[in-house]
Amino acid sequence: MAAANVLTTREAAVKAARAKDEADVAAREAAAVVLRLFDNDADLVADLLGVPAEELEREAKPVTAARAKEVIEALRARAERPPRSRRAPKSRAEASPQPPPAFDTPAPISASDDGRADAA
């Protein structure tokens, strides 16, 4: 039982480390992209994001200009695509409009035990 727990914990730690590495890469790429989009004006971007300009430049430095350009192009392509609907497609019966409710039918009136209408 303890050995299984150790293996499970170790696998979780490996997955977490991998996710952290992927997040670090994504953060560095995002910093490089935003700097490139703002003509490498680190002071302006730092003010907009509320982070020190030195930190922003340090994060963006390992990312090549070519990779930043690839990310920008991918974002533009993604923005041009129509959003995918996550809803299940409607059947023909569900897609047809429902008839409006009939308003000429009187609503039933309920009364309390003592004959007065319920105030609530």
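So, here is what we can say about the structure in this document. Note that this is a predicted model, so its numbers are computed, not measured.

## Notes on unusual backbone geometry
Next up, step 1: Positioned with a positive phi, aspartate 39 is a non-glycine residue whose angle comes to about 55°.
Next up, step 2: Tracing the backbone through its elements, the reader meets aspartate 39 in the loop between α1 (2-37) and α2 (42-49).
Next up, step 3: We note that asparagine 40 has phi near 55°; this positive angle belongs to a residue other than glycine.
Next up, step 4: Here asparagine 40 is to be found in the loop between α1 and α2.

## Examining helix α4 (residues 65-80)
Residue pairs spaced three or four apart in an α-helix point in one direction, given the helix's 3.6 residues per turn.
Next up, step 1: Its 16 residues place the ends of α4 23 Å apart at the C-alpha level, agreeing with the 22 Å of an ideal helix rising 1.5 Å per residue.
Next up, step 2: If you check which residues of α4 are buried, you get Ala68, Val71 and Ile72. All buried residues of α4 project into a common sector of 100° when viewed along the axis, lining one side.
Next up, step 3: Buried residues along α4 sit against α1.

## Brief notes about the nonpolar core
Next up, step 1: Counting residues in hydrophobic clusters, the biggest one holds 15 residues, and the most contacted among them are Ala32, Val33, Leu35, Val45, Leu56, Ala60 and Ala68.
Next up, step 2: Those elements that provide at least two residues to this core are α1, α2, α3 (53-60) and α4.
Next up, step 3: Here the element with the most residues in this core is α1; it accounts for five residues.
Next up, step 4: Residues within four places of alanine 68 in sequence aside, it is in contact with Ala32, Val33, Arg36 and Val63.

## Quick notes on a negative patch on the surface
Next up, step 1: Together, Asp39, Asp41, Asp43, Asp47, Glu54 and Glu57 give the surface a local cluster of negative charge.
Next up, step 2: Listing elements by their share of the negative patch, those giving two or more residues are α2 and α3.
Next up, step 3: Summarising the element assignment, aspartate 47 is placed in helix α2.

## A word on the packing of α2 against α3
The geometry of a pair of packed helices is captured by two quantities: the angle between their axes and the separation between those axes.
Next up, step 1: Running from N to C, α2 and α3 point in directions that differ by 110°, and their axes come no closer than 8 Å. What the angle tells us is that α2 and α3 run roughly perpendicular. Side by side, α2 and α3 meet where Ala42, Asp43, Val45, Ala46 and Leu49 of the first sit next to Ala53, Leu56 and Glu57 of the second.
Next up, step 2: Considered class by class, the residues forming the contact of α2 with α3 number six nonpolar, no polar and two charged.

## Describing the pattern of salt bridges
Next up, step 1: If you walk through the whole model with that rule in mind, you get three salt bridges.
Next up, step 2: For arginine 67, the salt bridge is made with glutamate 29, and the minimal N-O distance between the two is 2.7 Å. Taken together, the residues arginine 67 in helix α4 and glutamate 29 in helix α1 connect sequence positions 38 residues apart.
Next up, step 3: A relative accessible area of 33% places arginine 67 in the partly exposed class.
Next up, step 4: Its salt-bridge partner being glutamate 70, residue arginine 67 comes within 3.0 Å of it at the nearest N-O pair. Taken together, the positions of arginine 67 and glutamate 70, both in helix α4 and three residues apart, correspond to about one turn of that helix.
Next up, step 5: The exposure class assigned to glutamate 70 is partly exposed, which follows from its relative accessible area of 43%.

Scoring rules and cut-offs
Along each chain, residue indices are assigned from 1 in the same order as the chain's sequence is written. It should be noted that, the model being predicted, local features are given only for residues of pLDDT at least 70 and side-chain atom pairs only at 80 or more, the latter also being counted only at that level, while totals for whole chains, interfaces and linings use all residues. To obtain the side-chain values, all non-hydrogen atoms of the structure were included, while hydrogens and water were left out. Put simply, DSSP H or I for four residues or longer makes a helix, DSSP E for two residues or longer makes a strand, and each gets a number counted from the N terminus. Multiplying 1.5 Å by the residue count of a helix minus one yields the expected span of that helix. A 1.4 Å probe rolled over the protein chains alone gives each residue an accessible area, and that area as a share of the maximum for its type sets the label: buried under 20%, exposed over 50%, partly exposed in between. Directions from the helix axis toward the C-beta atoms define the arc. Only heavy atoms matter for contacts: two residues are in contact if any of them lie within 4.5 Å across the pair. We call a set of buried Ala, Val, Leu, Ile, Met, Phe, Trp, Tyr and Cys residues a nonpolar core when their side-chain atoms join them within 4.5 Å. Each patch is built from residues lacking any salt bridge and having more than 30% relative accessible area; the joining distance is 9 Å for like charges and 5 Å for nonpolar side chains (Val, Leu, Ile, Met, Phe, Trp, Tyr). Using a 1.4 Å probe, the Shrake-Rupley method yields the accessible areas, and only the shown protein chains count as cover for residues. Here, a salt bridge means any side-chain nitrogen of Lys or Arg that lies within 4 Å of a carboxyl oxygen of Asp or Glu. Charge assignment in this entry is limited to Lys and Arg as positive and Asp and Glu as negative, and neither His nor the chain termini are counted. Charge positions come from single atoms, namely NZ of Lys, CZ of Arg, CG of Asp or CD of Glu. Lines are fitted to the C-alpha atoms to define the axes, a helix being fitted only along its stretch in contact, and any angle between axes, read from their N-to-C directions, falls within 0 to 180 degrees. Any angle that falls under 35 degrees is termed roughly parallel, while one over 145 is termed roughly antiparallel, one within 65 to 115 roughly perpendicular, and all others oblique. Each residue is assigned to one of three groups, with Ala, Val, Leu, Ile, Met, Phe, Trp, Tyr, Cys and Pro labelled nonpolar, Asp, Glu, Lys and Arg labelled charged, and all others, Gly among them, labelled polar.

Shape is all these values report; function is a separate question.
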